[in-house]
There are 2 protein chains.
Amino acid sequence: MAKNAKISNAVIKRLPRYRRYLIELKKKGVEKISSKEFSNLIGYTASQIRQDLNNFGGFGQQGYGYSVDGLYKEISAILGLDKEYRMVIVGAGNLGQAIAKYTHFHKQGFKVCAAFDINPNLIGKDLDGIEILDYENIVEYVEEEEIDIGIICVNRDNAQEVADKLSFAGVKGIWNFAPTDIEVPSHVALEVVHLSDSLHSLAYHMNDIQKKEAAAEELRRSDKSARD
Amino acid sequence: MAKNAKISNAVIKRLPRYRRYLIELKKKGVEKISSKEFSNLIGYTASQIRQDLNNFGGFGQQGYGYSVDGLYKEISAILGLDKEYRMVIVGAGNLGQAIAKYTHFHKQGFKVCAAFDINPNLIGKDLDGIEILDYENIVEYVEEEEIDIGIICVNRDNAQEVADKLSFAGVKGIWNFAPTDIEVPSHVALEVVHLSDSLHSLAYHMNDIQKKEAAAEELRRSDKSARD
């Protein structure tokens, strides 16, 4: 763990994926796995896997493989998933409500404690046990309830103001779903889910595949007519 | 556009972001922008911006800057956002319902035509004008309604089967929200939103910041006691 500070972002981004596969292996009762077997499963090369896992001191033993449970626990600890996190959602519209009701996060130790909105028609409502509170009271709530993470589900125009308020109130991390870029103080971690950007990338790749297919078809045709 | 085939994935990933800023500039009535002004706004270096936009033949004129509207239209066309896309959602649970109701996509030309589920309590329901249909009929629907994109919001265990069925039915792209990796045929584009992975990254960065702060604090203390 001492080497932790030097780990590249690219490696960090792969850790949740390693962890997901380790959970599957645990479920299947697999106890040991070699980097080669892991490679077949996850799709990274065996050397990439060894290199990634060496960042953390290396859990594998030559000719023996990795302990599935040991690796799972180490990666969980590195990711900070051996604790519980308390979260609030700001913006209780469709997306905020969906996240509030998504029990998957709760099972992983991420607990949604409350949602906040400015809409009087929403304030006081209950989302499967999670209350929608008045945004006016968010700073007090975050302080008193020791909230770790604020999830921003408001629209583009209000996202920065919400981020400022959450940071001021003392959250350690912000998870931003608003379709805009926001800035946070250096002591607050920021992770962004840009749904529109992701959809636009999909559109690009769809068109790219079709253009390549059309070009290949054109080539086949001109090839055929040259032969005719 | 002829250079299109060589564009790296990293550049493509930046295009939706350029486009978002161009929309903001258009709203403000800005007609021209230099790479330097654009750099101040978006945070990439001016040389990065020139390099990125040169991939598409270069829309800028020396000493004149980029035409905001021209650049917006070109990037939109490159991303394939000058057309309309027809989408279906598979899995009408909380997340599927939220996406169905998220009007933001519709405004951008991505239309959700229907949602599908196997749950008889959900089939027949209406989500703000989008009907939940029986998953049994999805292949016929995708074929008849010429659906371009399938959005997967089912659980981990069913995601691959849904992807297979959507690909078979003829979608050109799949947007996967299920917390698992799926495979699609090479003629189908795939874009993934891993919400759990994103949350785990956030947890890592939060812990990383705290570890660094603790180490800095430790250093200050030992420094102080050495001086005392």
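Here the structure is a predicted model, which means the values were calculated and not measured. (Residues numbered from 1 in each chain as written. Chains lettered and ligands numbered in written order. Predicted model: local features only at pLDDT ≥ 70, side-chain atom pairs only at ≥ 80, totals over all residues. Heavy atoms only, no water.)

1. Overview of the overall build of chain A
Phase 1 of the analysis: Secondary structure summary: chain A contains nine helices and nine strands in total.
Phase 2 of the analysis: For 228 residues, the compact-globule estimate of 2.2 N^0.38 gives 17 Å, and the C-alpha radius of gyration of chain A, at 23 Å, exceeds that figure by more than 25%.
Phase 3 of the analysis: With the C-alpha coordinates of chain A rotated into their principal frame, the extents come out at 75 × 55 × 35 Å.
Phase 4 of the analysis: In chain A, the proportion of contacts linking residues at least 24 apart, taken out of those at least 6 apart, comes to 56%.
Phase 5 of the analysis: For chain A, the accessible area works out to roughly 11,500 Å², and carbon and sulfur atoms hold 48% of it.
Phase 6 of the analysis: Put simply, chain A has 29 plus and 33 minus side-chain charges, and the middle of one group is 11 Å from the middle of the other. (Helix = DSSP H or I, 4+ residues; strand = E, 2+ residues; numbered from the N terminus. Rg over C-alpha atoms; globule rule 2.2 N^0.38 Å. Contact = heavy atoms within 4.5 Å. Areas by Shrake-Rupley, 256 points an atom, 1.4 Å probe, with all protein chains shown as cover. Lys, Arg positive; Asp, Glu negative; His and termini not counted. Charge placed at Lys NZ, Arg CZ, Asp CG, Glu CD.)

2. A short note on the packing of aromatic side chains
Phase 1 of the analysis: Enumeration according to the criterion identifies 14 aromatic pairs over all chains in this entry.
Phase 2 of the analysis: Consider the rings of Tyr18(A) and Tyr44(A), whose centres lie 5.5 Å apart with planes at 70°: the pair is edge-to-face. A residue pair is termed long-range when its members are at least 10 positions apart, and Tyr18(A) in helix α1 (residues 9-27) and Tyr44(A) in the loop between α2 (35-42) and α3 (46-54) qualify at 26 residues.
Phase 3 of the analysis: Ring geometry for Tyr85(B) and Phe110(B): centres 5.0 Å apart, planes at 10°, overall stacked. Separated by 25 residues along the polypeptide, Tyr85(B) in strand β3 (residues 85-90) and Phe110(B) in strand β4 (residues 110-117) bring together distant segments of the chain.
Phase 4 of the analysis: Classification of Tyr85(B) as buried rests on a relative accessible area of 4%. (Phe/Tyr/Trp six-rings, centres within 6.5 Å; stacked < 30°, edge-to-face > 60°. Buried < 20%, exposed > 50% of the residue type's maximum accessible area, 1.4 Å probe, protein only.)

3. A short note on the pattern of salt bridges
Between side chains of opposite charge, pairing is possible as soon as their charged atoms come close.
Phase 1 of the analysis: Scanning all chains against the criterion turns up 30 salt bridges over all chains.
Phase 2 of the analysis: Glu24(B) is paired through a salt bridge with Arg156(A); the nearest N and O atoms lie 3.5 Å apart. Of this pair, Glu24(B) sits in helix α1 (residues 9-27) while Arg156(A) sits in the loop between β7 (149-152) and α8 (159-169), on two different chains.
Phase 3 of the analysis: The class of Glu24(B) is partly exposed, set by a relative accessible area of 24%.
Phase 4 of the analysis: Since its relative accessible area comes to 23%, Arg156(A) is described here as partly exposed. (Salt bridge = Lys/Arg side-chain N within 4 Å of Asp/Glu carboxyl O.)

4. Some thoughts on the packing of helix α9 (residues 195-227) of chain A against α1(B)
Helix-helix packing is described using two parameters, namely the angle between the two axes and the distance between the axes.
Phase 1 of the analysis: Running from amino to carboxyl end, α9(A) crosses α1(B) at an angle of 125°, the nearest separation of the two axes being 9 Å. Classified by the interaxial angle, the pair formed by α9(A) and α1(B) is oblique. For the pair α9(A) and α1(B), the sense of crossing is right-handed. Each of Asp197(A), His200(A), Ser201(A), Tyr204(A) and His205(A) in α9(A) lies in contact with α1(B), whose residues at this interface are Asn9(B), Ile12(B), Lys13(B), Pro16(B), Arg17(B), Arg19(B) and Arg20(B).
Phase 2 of the analysis: Of the residues in the contact of α9(A) with α1(B), the class split is three nonpolar, four polar and five charged. (Axes fitted to C-alpha atoms, helices over the stretch in contact; angles between N-to-C directions. Parallel < 35°, antiparallel > 145°, perpendicular 65-115°, else oblique. Left-handed = near helix turned anticlockwise from the far one by under 90°. Nonpolar A, V, L, I, M, F, W, Y, C, P; charged D, E, K, R; others polar.)

5. So, α8(A)
Residue and element names in this part refer to chain A.
Phase 1 of the analysis: Those residues of α8 that fall on the buried side of the exposure criterion are Ala159, Val162, Ala163, Leu166, Ser167 and Ala169. An end-on view of α8 places all buried positions within 160° of arc, on one side of the element.
Phase 2 of the analysis: In this structure, the buried residues of α8 make contact with β3 (85-90), α7 (138-144), β7 and β8 (173-176).
Phase 3 of the analysis: Count one or two residues on from α8 and you reach Gly170, which has phi positive near 110°. (Arc of directions from axis to C-beta.)

6. A word on the sheet that holds strand β7 (residues 149-152) of chain B
Residue and element names in this part refer to chain B.
Phase 1 of the analysis: Strand order in this open sheet of seven strands is β5-β6-β4-β3-β7-β8-β9, and the pairing throughout is mixed. Unpaired on one side and paired on the other, β5 (126-127) and β9 (189-192) mark the two borders of the sheet.
Phase 2 of the analysis: Sheet analysis places β3 next to β4, joined by six bridges and oriented parallel. In the sheet register, Ile89 faces β4, and the bridge partner there is Ala115. (Pairing = 2+ DSSP bridges.)

7. Structural notes on the packing of α1(B) against helix α3 (residues 46-54) of chain B
Residues and elements named next belong to chain B.
Phase 1 of the analysis: The N-to-C vectors of α1 and α3 enclose an angle of 105°; their axes lie 11 Å apart at closest approach. Overall, the two elements α1 and α3 adopt an arrangement that is roughly perpendicular. Across the interface between the two elements, Val11, Arg14 and Tyr18 from α1 touch Gln48, Ile49 and Asp52 from α3.

8. Let's talk about the relation of the copies chain B and chain A
Phase 1 of the analysis: Its rotation angle being 180°, the transformation that places chain B on chain A also includes 0.0 Å of axial translation and leaves an RMSD of 0.1 Å. On the angle and the small slide along the axis, the relation comes out as a two-fold axis. When C-alpha positions in chain B are compared against the rotation axis, the closest is assigned to Ala98(B), at 2.9 Å.
Phase 2 of the analysis: Of all interface residues in chain B, 100% are interface residues in chain A too; the two copies therefore contact each other through one and the same surface. (Least-squares fit on C-alpha atoms with pLDDT ≥ 70 in both.)

9. Notes on the UniProt feature "domain: CoA-binding" (unreviewed entry) in chain A
Phase 1 of the analysis: Mapped onto this structure's residue numbering, the UniProt feature "domain: CoA-binding" (unreviewed entry) falls at residues 80-181 of chain A.
Phase 2 of the analysis: With 30% helix and 28% strand, residues 80-181 of chain A has its two end C-alpha atoms placed 25 Å apart. (UniProt positions renumbered as here; feature names shortened; annotations may be inferred.)

10. Structural notes on the interface of chain B and chain A
Many structure descriptions define interface size as the accessible area lost when the parts assemble.
Phase 1 of the analysis: Facing 65 residues of chain B, the contacting portion of chain A comprises 65 residues.
Phase 2 of the analysis: Of the roughly 5,900 Å² buried at the junction of chain B and chain A (both faces included), carbon and sulfur atoms supply 60%.
Phase 3 of the analysis: Our count for the contact surface shared by chain B and chain A stands at eight salt bridges.
Phase 4 of the analysis: For the pair chain B and chain A, the interface holds 27 residue pairs in polar contact (both at pLDDT 80 or more).
Phase 5 of the analysis: Counting residues per element, the ones that place at least two in the side of chain B that touches chain A are α1, α4 (68-79), β3, α5 (94-101), α6 (103-107), β8 (173-176), β9 and α9 (195-227) of chain B.
Phase 6 of the analysis: Of the residues belonging to the side of chain B that touches chain A, the class tally is 32 nonpolar, 18 polar and 15 charged. (Buried area = accessible area lost by both parts, 1.4 Å probe. Polar contact = N/O pair within 3.5 Å; in protein donor to acceptor, adjacent residues only side chain to side chain.)

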